[in-house]
Amino acid sequence: MAQNAAPAAAVPAITPISLKAIAPWAVFFGILMLVLLYFVGAEQGATAVISGEGVHEWVHDGRHLLGFPCH
């Protein structure tokens, strides 16, 4: 009978990530998504924060893709 010379590799234990570790990142990305949604959906309308047509032109195709009317 043949035997392996090398011992079997140990499989590292997978530890779950706690909610305390995920919560700050979830809040950060949630706020970031809300800001992006505002700029795509509402900027250059009645609640414009930035004057001019620059933001409108940058997000024009995304606005139509998400179903927001703009003209």
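As a reminder, the structure under discussion sits directly above these lines.
Residues numbered from 1 in each chain as written. Predicted model: local features only at pLDDT ≥ 70, side-chain atom pairs only at ≥ 80, totals over all residues. Heavy atoms only, no water.

## A few points about the packing of aromatic side chains
Under the counting rule described, the total for this entry stands at three aromatic pairs. When the ring of W25 is compared with that of F29, the centres are 6.2 Å apart and the planes differ by 25°; the resulting orientation is stacked. With W25 and F29 both in helix α1 (residues 19-41) and four residues apart, this pair spans about one turn of that helix. Residue W25 is classed as exposed on the basis of its relative accessible area of 55%. Taking 5.1 Å as the distance between ring centres and 70° as the angle between the ring planes, the aromatic pair formed by F28 and F29 counts as edge-to-face. Judged by its relative accessible area of 45%, F28 is partly exposed. Three or more aromatic residues joined by ring pairs form one cluster here, namely W25, F28 and F29. (Phe/Tyr/Trp six-rings, centres within 6.5 Å; stacked < 30°, edge-to-face > 60°. Helix = DSSP H or I, 4+ residues; strand = E, 2+ residues; numbered from the N terminus. Buried < 20%, exposed > 50% of the residue type's maximum accessible area, 1.4 Å probe, protein only.)

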